[in-house]
Amino acid sequence: MATPSHRKPLAELVAELLATDGPLPIVAAGDPVLRQGIQMYDGQLDAVLLSRFVSALRLTMHAAPGVGLAAPQVGVPLRIAVIEDPAPVPEEVRVARGRVPQPFRVLVNPSYEPVGTARAAFFEGCLSVPGWQAVVARPAEVRVRGEDEHGHPFDDLFTGWPARIVQHETDHLDGTLYLDRADPRSLSSNQAMTERWTQPTPETAARELGFELPG
Ligand code: ZN
């Protein structure tokens with residue numbers, strides 16, 4: 001027996017979203033679409049609609065601006081995300097955070113697993129939690145498996161800042177927000193970030209706010 005669905009077919013939902021040009025509205029924390037019911041992509045959008053949707057995700061990510069965006073963040077419960085980071089940061093930040101450029105990529109049905117035991121802890125933020133940042137300790141290296149937008153499988157290692165981005169976006173597809181993994185004592189407003197925590201690492205913030213960093 002079929003389960004009654006109160007949801008619109010996803011293709012219809014996406015077609016409606018794409019009816020207006022320009023960046024898509026971003027869903028904020030508190031909307032259940034960020035937390036549950038996110039489906040594996042399995043052809044719910046045909047090739048043309050998927051391609052248009054990916055372009056809209058990219059446009060929205062650029063406009064925000066952000067370095068990653070997951071479909072649930074525009075209200076679409078599908079396991080699709082985009083990442084891209086030109087990494088316009090000073091040399092000392094690049095070295096400390098491993099923030100190297102990440103070319104544009106589409107992640108369809110991604111999953112990740114840690115490689116080794118090293119962890120890296122840095123402030124991160126989320127377009128669905130505007131105005132705030134917090135420190136998250138994450139595996140420093142991950143193995144990511146999934147498909148690209150053409151259905152071709154990939155199996156790649158990510159390190160440095162790209163590893164953080166890909167974990168953050170894949171977590172969205174599991175209904176997880178970075179705050180679920182963050183140290184609550186590190187929570188800082190964007191204003192505090194600008195005024196106080198511009199150092200390449202969160203060591204000063206850890207000392208002054210009273211939270212622990214790994215190893
Ligand atoms: Zn996010």
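Q: Go over the overall build of the chain with me, naming the residues and quoting the values.
A: Secondary structure assignment for the chain yields 7 helices and 8 strands. Taking 215 residues into account, the globule formula puts the C-alpha radius of gyration at 17 Å, and the chain, at 18 Å, falls close to it. Viewed in the frame of its principal axes, the chain has a C-alpha envelope of about 55 × 35 × 35 Å. For the chain, the proportion of its 215 residues judged to be buried stands at 42%. Summarising the internal contacts of the chain: among those between residues at least 6 apart in sequence, 69% fall at separations of at least 24. Approximately 11000 Å² of the chain is accessible, and the part contributed by carbon and sulfur atoms is 53%.

Q: Give a detailed account of the coordination of the zinc ion, specifying residues and quantitative values.
A: Looking at the metal site, the zinc ion is ligated by C126 (SG), H168 (NE2) and H172 (NE2), spaced 2.0 to 2.3 Å from it. All donor residues of the zinc ion come from one chain, and their arrangement in sequence is C-x41-H-x3-H. Here C126, found in the loop between β4 (119-124) and β5 (132-139), pairs with H168, found in helix α4 (residues 160-173); they are 42 residues apart in sequence, far enough to count as distant. With a relative accessible area of 7%, C126 lands in the buried category.

Q: Quick rundown of the nonpolar core? Include the residues and the values.
A: Counting residues in hydrophobic clusters, the biggest one holds 23 residues, and the most contacted among them are L45, F53, V76 and I80. For this core, the secondary structure elements donating two or more residues are α1 (10-17), α2 (47-63), β2 (80-85) and β3 (102-114). Looking at this core element by element, the count peaks at 7 residues for α2. Contact partners of L45, with chain neighbours within four places excluded, come to L10, A11, V14, L50, F53 and L78. Grouped together as the second largest cluster of nonpolar side chains are 11 residues, F122, W161, I165 and V166 included.

Q: Help me get a handle on unusual backbone geometry, residues and values and all.
A: Cis geometry marks the peptide bond from A64 to P65, where omega comes out at -10 degrees. Locating P65 in the fold gives a position in the loop between α2 and β1 (68-70). You will see that A87, though not glycine, has its phi angle at about 55 degrees, which is positive. Assignment of secondary structure puts A87 in the loop between β2 and α3 (91-97). You will see that N109, though not glycine, has its phi angle at about 50 degrees, which is positive. Considering the arrangement of structural elements, one finds N109 in strand β3. Looking at N109, the relative accessible area reads 10%, which means it is buried.

Q: Any chance you could break down the pattern of salt bridges for me, citing the residues and the numbers?
A: Following the criterion strictly, the structure yields 13 salt bridges and no others. In this structure, the salt-bridge partner of D171 is R138, at a minimum N-O distance of 3.0 Å. Of this pair, D171 sits in helix α4 while R138 is found in strand β5, placing the two residues 33 residues apart along the sequence. Here D171 matches R138 in class, with each residue buried.

Q: Describe the packing of aromatic side chains, listing the residues and the values that go with them.
A: Summed over all chains, the structure comprises 1 aromatic pair. In this structure, R58 is placed above the aromatic ring of F104, and the distance from its NZ or CZ to the ring centre is 4.1 Å.

Q: Give a detailed account of the environment of P103, specifying residues and quantitative values.
A: Inspection of the secondary structure puts P103 in strand β3. Relative accessible area serves as the criterion here: at 56%, P103 is assigned to the exposed category. Once you skip the residues sitting within four places of it in the chain, P103 turns out to touch I83 and E84.

Q: An account of the side chain of R164 is requested, with residue identities and associated values reported.
A: By secondary structure assignment, the location of R164 is in helix α4. Under the relative-accessibility criterion, R164 is labelled buried at 5%. In terms of polar contacts, R164 uses its side chain to reach the backbone carbonyl oxygen of V136, at 2.9 Å. Ignoring any residue separated from it by four or fewer positions in sequence, one finds R164 in contact with A120, A121, F122, E124, V136 and R138.

What counts and what doesn't
Residues numbered from 1 in each chain as written. Predicted model: local features only at pLDDT ≥ 70, side-chain atom pairs only at ≥ 80, totals over all residues. Heavy atoms only, no water. Helix = DSSP H or I, 4+ residues; strand = E, 2+ residues; numbered from the N terminus. Rg over C-alpha atoms; globule rule 2.2 N^0.38 Å. Buried < 20%, exposed > 50% of the residue type's maximum accessible area, 1.4 Å probe, protein only. Contact = heavy atoms within 4.5 Å. Areas by Shrake-Rupley, 256 points an atom, 1.4 Å probe, with all protein chains shown as cover. Donors = N, O, S within 2.8 Å, 3.2 Å for Na, K, Ca; no water. Core = buried A, V, L, I, M, F, W, Y, C linked by side-chain atoms within 4.5 Å. Salt bridge = Lys/Arg side-chain N within 4 Å of Asp/Glu carboxyl O. Phe/Tyr/Trp six-rings, centres within 6.5 Å; stacked < 30°, edge-to-face > 60°. Lys NZ or Arg CZ within 6 Å of the ring centre and 35° of its normal. Polar contact = N/O pair within 3.5 Å; in protein donor to acceptor, adjacent residues only side chain to side chain.

The values reported here are purely geometric and, on their own, carry no functional implication.
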